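Residues per chain, in single letters:
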Amino acid sequence: NQFDGWHTTEYPGGIYFYDSADWNSPFGPWPNYSSGNVAQYIYDSLTMWIEEYRIDGFRWDSVSNIYNTNSGTGTYLPDGWTLLQTANVQTVGDNPAFVNIAEDLTGNATVTAPLSQGGAGFASQSNGNFVSPMRAQLTQTSDSSVNMEAIARSIGQAFNGSFTQNLNYTESHNEVTDGGR
């Protein structure tokens, strides 16, 4: 926020952020994905991590807030979607074994759909429809209270007909910090 040191009431986050307070995310102002400088900064950061640290994948936090203004339910940001697609092409293009995982808890199968189908091209995404039903069953006080059909439904989910696009988990930073559950 105000990375460049300049801001006005019309541009509260500065020149590298969207120009209206209406574009605030739960994490602060949105970077202006329409800006070539912002996109290039992100692409250069990806390259640095790959070349200098030899990482083999990224876990992208809250991608629904990159392509949308309200966790997938607000204003669509086409430049954010393009940024995700381009980042997947850049990182996986020369190394098909590279893995990009999206934390997108909206159940949007397009996040893991191939670029050729207009998808963002992530290898897998967090399944927000798994954690709550599964935790509810795992925390039952007796085996007879466990709903095995709910477990089967949770485990049987797949994005785009592919189980590998579906990252199931029972605990993450979200669950741990949400009121100490």
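Scroll up for the structure.
Presented here is an overview of the structure given in this document. Just so we're clear, the structure is a prediction, and the values are computed from it rather than from any experiment. (Residues numbered from 1 in each chain as written. Predicted model: local features only at pLDDT ≥ 70, side-chain atom pairs only at ≥ 80, totals over all residues. Heavy atoms only, no water.)

Observations regarding the sheet that holds strand β5 (residues 124–126)
To keep it simple, the criterion reads: Between any two strands, pairing holds if DSSP finds at least two bridges. Only DSSP runs of H or I covering at least 4 residues are called helices, and only runs of E covering at least 2 are called strands; the numbering of each starts at the N terminus. Contact criterion: two residues are considered in contact whenever any of their non-hydrogen atoms come within 4.5 Å of each other. All axes are obtained by fitting lines to C-alpha atoms, using only the stretch in contact for helices, and the reported angles, taken between N-to-C directions, cover 0 to 180 degrees.
The strand order across the open sheet formed by four strands is β3-β4-β5-β6, and the pairing between neighbours is parallel. Pairing within the sheet leaves two strands with one partner each, and these edge strands are β3 (57–60) and β6 (166–167). As defined by bridge partners, strand β4 (residues 99–102) adjoins β5 across two bridges and the pair is classed as parallel. By the bridge assignment, Ala102 is partnered in β5 with Gln125. Here helix α2 (residues 78–93) sits on the sheet and contacts β3 and β4; the angle it forms with β4, its principal contact strand, is near 155°.

Here we look at helix α4 (residues 148–155)
To keep it simple, the criterion reads: Buried, partly exposed and exposed residues are distinguished by accessible area as a fraction of the type maximum, computed with a 1.4 Å probe on protein chains only: under 20%, between the cut-offs, and over 50%, respectively. Here the arc refers to the set of directions running from the helix axis out to each C-beta atom. Whenever two N or O atoms come within 3.5 Å, that pair is a polar contact, provided that in protein one can donate a hydrogen and the other can accept it, and provided that, for residues adjacent in sequence, both atoms are side-chain atoms.
Within the sequence span of α4, burial applies to Ala150, Ile151 and Ser154. Along the axis of α4, the buried residues cluster in a sector spanning 100°; they form a single face. Exposed residues on α4 whose side chains face more than 90 degrees from its buried face are Met148, Glu149 and Arg153. Buried positions along α4 lie against α3 (128–138). Backbone nitrogen of Glu149 and a side-chain oxygen of the N-cap are separated by 3.0 Å at the start of α4; the cap is Asn147.

Description of the pairing of β3
Defined as follows: A crossover gets the label right-handed when its path from the first strand over the helix to the second runs clockwise, viewed with the strands pointing away from the viewer.
The side-chain alternation of β3 yields one buried face, formed by Phe58 and Trp60, and one unburied face, formed by Gly57 and Arg59. For the segment spanning β3, α2 and β4, crossover handedness is right-handed.

Considerations on the packing of aromatic side chains
Note on aromatic pairs: each is described by the distance of the centres and the angle between the planes. Formally: Classification of ring pairs rests on two measures: the distance between centres of Phe, Tyr or Trp rings, Trp counted by its six-membered ring, which must be within 6.5 Å, and the angle between planes, read as stacked under 30 degrees, edge-to-face over 60 and tilted in between.
Within this structure, the stated rule accounts for five aromatic pairs. Look at Tyr18 and Tyr33: their rings are 6.3 Å apart centre to centre, the planes differ by 75°, and that puts the pair in the edge-to-face class. On the criterion of sequence distance, the pair formed by Tyr18 in the segment before β1 (24–25) and Tyr33 in the loop between β2 (28–29) and α1 (36–53) is long-range, its members being 15 residues apart. Classification of Tyr18 as buried rests on a relative accessible area of 12%. In this structure Tyr33 comes out as buried when scored by relative accessible area, which is 9%. Both rings, one in Tyr67 and one in Trp81, keep their centres 5.1 Å apart while their planes meet at 90°; by these two values the pair is edge-to-face.

A closer look at the nonpolar core
This is how it is decided: Note on terminology: a nonpolar core comprises buried Ala, Val, Leu, Ile, Met, Phe, Trp, Tyr and Cys residues joined through side-chain atoms within 4.5 Å.
Residues Tyr33, Trp60, Val63, Leu84 and Phe122 are the most contacted members of the largest nonpolar core, which totals 23 residues. Only α1, β3 and α2 provide two or more residues apiece to this core. A per-element tally of this core places α1 first, with five residues. Excluding anything up to four places from it in sequence, Trp60 contacts Leu46, Ile66, Leu84, Ala87, Asn100, Ile101, Ala102, Glu103 and Phe122.

Some words on α3
Note on helix geometry: an α-helix contains 3.6 residues per turn, so any two residues three or four positions apart are oriented the same way. Taken as a whole, α3 has its buried residues at Phe130, Val131, Met134, Arg135 and Gln137. Buried residues along α3 cover an arc of 155° about the axis, so they all sit on one side. Those residues of α3 that are buried lie in contact with α4 and α5 (173–177).

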